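Here is what each chain is made of, one letter per residue.
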Amino acid sequence: MTKTNPTEPSVTALVVAAGQGTRLGAGIPKAFVEVHGTTLVERSVAGLRSAGVTNIIVVVSREMRAAAEEAFGNDVRIVLGGAERMDSVLAGLELVAEGIVLIHDAARALTPPEMIRRVIAAAHQHAAVIPVLPVADTMKRVAGGVVVDTPDRSELRAVQTPQGFDVAQLKAAYAARPDRLPTDDASLMEWFGIPVRCVDGDALAFKVTTPLDLALARALTEGES
């Protein structure tokens, strides 16, 4: 497990790659779509390794387990995910006994190592850490096709991954989780009463969700060595 020094908690990364990614329309789970010969999940794992994380768990669907084992061999631990994202995170958390855990979307395959290191550094000081970016567009709250109000854009942030957490407190939040599933682990920690610290995100940590996102990822990595 990664340690910056002997007195700091260990760091484990949990890469969520069990989703189908139907909006991408690739015909296979998006984590296994290739960008210049390398799958998104492989790129995500490589970014974590470049940031100094050596203990990595990849959560995949049952049908993609063989592909993951072929891609990674014994370099990572492979875990079967569940029907929902939070089920997949729980499956991975069962293998993490202590320290800090990074929850990372496999689809954020171009996340720079420098950003990951920022999250890790902050997670040594805070129980919950998320990387964020300012929102560029005007945002509207809408109900029934009608604008309800316009939130102050200066107070809004777009949230990325990896998100960093104290393992014990994240497990406690999952044990007490509400019936309505939060959209990310930081939302669960908020609900549980844990302050969530923000650090600077990075535009390259965008999530590959649509064909346009995939085209951008391929354009950005064109000609890489």
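The rules behind the values
- Residues numbered from 1 in each chain as written.
- Predicted model: local features only at pLDDT ≥ 70, side-chain atom pairs only at ≥ 80, totals over all residues.
- Heavy atoms only, no water.
- UniProt positions renumbered as here; feature names shortened; annotations may be inferred.
- Helix = DSSP H or I, 4+ residues; strand = E, 2+ residues; numbered from the N terminus.
- Rg over C-alpha atoms; globule rule 2.2 N^0.38 Å.
- Buried < 20%, exposed > 50% of the residue type's maximum accessible area, 1.4 Å probe, protein only.
- Contact = heavy atoms within 4.5 Å.
- Areas by Shrake-Rupley, 256 points an atom, 1.4 Å probe, with all protein chains shown as cover.
- Lys, Arg positive; Asp, Glu negative; His and termini not counted.
- Charge placed at Lys NZ, Arg CZ, Asp CG, Glu CD.
- Polar contact = N/O pair within 3.5 Å; in protein donor to acceptor, adjacent residues only side chain to side chain.

An unreviewed UniProt entry lists the protein chain under the name 2-C-methyl-D-erythritol 4-phosphate cytidylyltransferase, from Corynebacterium canis. UniProt's Catalytic activity (unreviewed entry) comment on the protein chain is quoted here verbatim: "2-C-methyl-D-erythritol 4-phosphate + CTP + H(+) = 4-CDP-2-C-methyl-D-erythritol + diphosphate".

A count of helices and strands for the protein chain gives seven helices and 12 strands. Here the C-alpha atoms of the protein chain give a radius of gyration of 17 Å, agreeing with the 17 Å that 2.2 N^0.38 yields for 225 residues. For the protein chain, the spread of C-alpha atoms along the three principal axes comes to 50 × 40 × 35 Å. Counting only residues that meet the buried cut, the protein chain has 46% of its 225 residues in that class. When contacts within the protein chain are restricted to residue pairs at least 6 apart in sequence, long-range pairs at least 24 apart make up 67% of them. Entry remark: accessible area of the protein chain is about 11400 Å², with carbon and sulfur atoms responsible for 51%. Here the protein chain contributes 22 positive and 27 negative side-chain charges, whose respective centroids are spaced 2 Å apart.

With respect to the helices and strands, arginine 108 occurs in the loop between β6 (100-105) and α4 (113-123). Taking the relative accessible area as the measure of exposure, arginine 108 reaches 10% and is therefore buried. A polar atom in the side chain of arginine 108 sits 2.9 Å from the backbone oxygen of alanine 205. Beyond its immediate chain neighbours, meaning those up to four positions away, arginine 108 contacts Ser44, Val159, Gln160, Thr161, Ala205, Phe206 and Lys207.

Here we come to unusual backbone geometry. For residues other than glycine, phi is negative in most cases, and the peptide bonds are mostly trans. Cis geometry marks the peptide bond from threonine 161 to proline 162, where omega comes out at 10°. Inspection of the secondary structure assignment puts proline 162 in the loop between β10 (157-159) and β11 (163-166). Phi is positive for histidine 36, which is not a glycine, with a value near 55°. Looking at the element boundaries, histidine 36 is found in the loop between β2 (34-35) and β3 (38-39).

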